[in-house]
Every structure is written in structure tokens, then in C-alpha cells.
Amino acid sequence: EAQVTQNPRYLITVTGKKLTVTCSQNMNHEYMSWYRQDPGLGLRQIYYSMNVEVTDKGDVPEGYKVSRKEKRNFPLILESPSPNQTSLYFCASSFSLAGANTGELFFGEGSRLTVL
Amino acid sequence: AQKVTQAQTEISVVEKEDVTLDCVYETRDTTYYLFWYKQPPSGELVFLIRRNSFDEQNEISGRYSWNFQKSTSSFNFTITASQVVDSAVYFCALSEDTGRRALTFGSGTRLQVQP
């Protein structure tokens, strides 16, 4: 089954304790991205990756890091989480042909993070 | 800069009523893509439709239909004969034709369908 898998789905942590949210897709997609969803703001892009070892900032990258060492994985790293990073996070992937916008974004099921 | 406006924050209807969710967008790109996603109470995002800026044909899929009008920069979504299972938050989104492929989302419309 084609899917984007995120872990953990739910996490409560404390300020300053480093955490990683993993994202893995089994569709051989080149493009992957992270979004955060906050009430009244819709979803906003944090980081994206066009392919392995190619990442770039989205609209709200502050406080986050990403890496893309393998095509299927795109972890989101919070080095020192703060309460304003409490949010619902979505990973997404898409097929990309020469960078063209050829397909829909497939979203993971979301990871709800609470930073106390 | 791109912008998507969903002016209806919440809509409540009774089962079997028709309901239209409005979406107005702004972009300076000539090539762009419009999407609708459904977010049920379980939280996942379900893709409903993708439309490119050169295709203004309306689309119907079962009880769902979409009306794309470039002249008014609108991409409205109608559910005919609504059902309780249609209760969800619906997001309209706009994507530029670049590698970044960022989706600019509206703030969403919460649809409650009462039995």
C-alpha cells in the first residue's frame, strides 16, 4: 500500500529536549516536505526536499532542521523545542519529473507534538 | 505572494442538504494548481481534487463537484445531498509551478452535517 508514515503520532515533551519526527514514504517519490498545522492558519511549509541531499527552507523554518540522506526518509529535527512549536505536523511526498509539478502531494497521518 | 481565502469558518447543514464551500485565491503566476483536501476528525489529510490553471472545466465526482472560475479567482466545492460522513474540515490550497511546490492553504472550513 502506497503511504507516507510518520512517527511518533503523538508526543508530549519539555522545552529544550531534542526530538526527531521520522517520515518515510514507499512510493519512490523524489519530493518530500514538512508542514505544520495551527488553528486558523491552515498548513504552512517548514522545509522541503527536491531529492536526496537537496533540502531548502519553506515559509516557517525557524527552530527546525531536516536531512535527506535517503530517498525514502525525511526526518524533522527539533534541536531545542519550545512551546510555540506545539502543533500538528504533516509530512508529504510527491512524484517529480525534472522538478515539474506533476502530481498531488500525499500526506502522512500527522504527528501531534506538545512542548511544555 | 500567493493567498487563499476561505471566508466560511464553519458551516452547519442537515443531512441531504446541498452545501457549497467557497475558495478565493490570489496569485501572480500564470501557471498554478488548485487543490481541495478533506481533514476528517481522525486528522489525516485526504486529497480530493487537483486542477491546473489552464483547465477551467468543472468537475463532478459522485456527490462532489467543483466550479473553477479564473475570472473571479474562485474554486468552489459543492457537496450534493450531504451525509454525516462528510463532516470534516475542508482545505482549499494553491500551488505555484516551481520545484518548491509549496501548497498555500486556506484556513479551512469546518462542515458539520447533522443527521
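Because the structure is predicted, anything quoted here is derived from the model rather than measured.

**Q** What am I meant to see in the overall build of chain B here?
**A** Helix and strand content of chain B: 0 helices and 12 strands. When the helices and strands of chain B are read in sequence order from the N terminus, they spell out β-β-β-β-β-β-β-β-β-β-β-β. Here chain B has a C-alpha radius of gyration of 14 Å; the compact-globule value for 115 residues is 13 Å, and the two agree. Out of the 115 residues in chain B, the part that is buried amounts to 49%. In chain B, once contacts between residues fewer than 6 apart in sequence are set aside, the share between residues at least 24 apart is 56%. Of the roughly 5400 Å² of accessible surface on chain B, a fraction of 46% belongs to carbon and sulfur atoms.

**Q** Would you explain the pattern of salt bridges in this entry?
**A** Tallied over the full model, the rule gives 9 salt bridges over all chains. Its salt-bridge partner being Glu30(A), residue Lys71(A) comes within 3.8 Å of it at the nearest N-O pair. One end of the pair, Lys71(A), is in the loop between β7 (65-66) and β8 (76-78); the other, Glu30(A), is in the loop between β3 (19-25) and β4 (31-38), with 41 residues separating them in the sequence. The exposure class assigned to Lys71(A) is partly exposed, which follows from its relative accessible area of 26%. Of the charged contacts in the structure, one is a salt bridge between Glu59(B) and Arg51(B), with a shortest N-O distance of 2.7 Å. For Glu59(B), a relative accessible area of 32% translates into the label partly exposed. Classification of Arg51(B) as buried rests on a relative accessible area of 6%. One connected set of salt bridges, linked through shared partners, spans Lys18(A), Lys65(A) and Glu79(A).

**Q** It is not clear to me how the sheet that holds β3(A) should be interpreted in this structure. Could you clarify?
**A** Backbone-to-backbone hydrogen bonds pair the strands of a sheet. The strands run either parallel or antiparallel. All names here are of chain A. In space, the 4 strands of this open sheet follow the order β1-β3-β8-β7, with antiparallel pairing throughout. The open sheet has two edge strands, β1 (4-7) and β7, and neither has a second partner. Note that β3 and β8 share 3 bridges and pair antiparallel. By the bridge assignment, Val-21 is partnered in β8 with Leu-76.

**Q** For this particular structure, what's the right way to read the confidence of the model for chain B?
**A** Segments scoring low in pLDDT should not have their predicted coordinates read at a detailed level. Per-residue confidence for chain B gives a mean pLDDT of 92, with 96% of residues at or over 70. Here strand β11 (residues 103-105) of chain B stands out as the element of chain B with the lowest mean pLDDT, 87, in contrast to strand β3 (residues 19-21) of chain B, whose mean of 98 is the highest.

Analysis parameters
- Within any chain, residue numbers begin from 1 and follow the written order of that chain's sequence.
- Throughout, the order in which chains and ligands are written sets their labels, letters from A for the former and numbers from 1 for the latter.
- Only residues with pLDDT of at least 70 get local features here, since the model is predicted, and only at 80 or more are side-chain atom pairs given and counted; chain-wide, interface and lining totals rely on the full set of residues.
- Heavy atoms throughout the structure, all of them, feed into the side-chain values; hydrogens and water do not.
- For helices the rule is a DSSP run of H or I covering at least 4 residues; for strands it is a run of E covering at least 2, with both sets numbered from the N terminus onward.
- Our radius of gyration is a C-alpha quantity, and the globule rule it is checked against amounts to 2.2 Å times the number of residues to the power 0.38.
- Under the scheme applied here, a residue whose accessible area is under 20% of the maximum for its type counts as buried, over 50% as exposed, and between as partly exposed, the area being computed with a 1.4 Å probe on protein chains only.
- Contact between two residues is taken to exist if any of their heavy atoms lie within 4.5 Å; hydrogens are not considered.
- Computed by Shrake-Rupley with a 1.4 Å probe, the accessible areas treat only the displayed protein chains as cover when residues are assessed.
- For this analysis, a salt bridge means a side-chain nitrogen from Lys or Arg found within 4 Å of a carboxyl oxygen belonging to Asp or Glu.
- Any two strands with at least two DSSP bridges between them are considered paired.
- One number per residue, pLDDT, summarises how confident the predictor is, and it ranges from 0 to 100.

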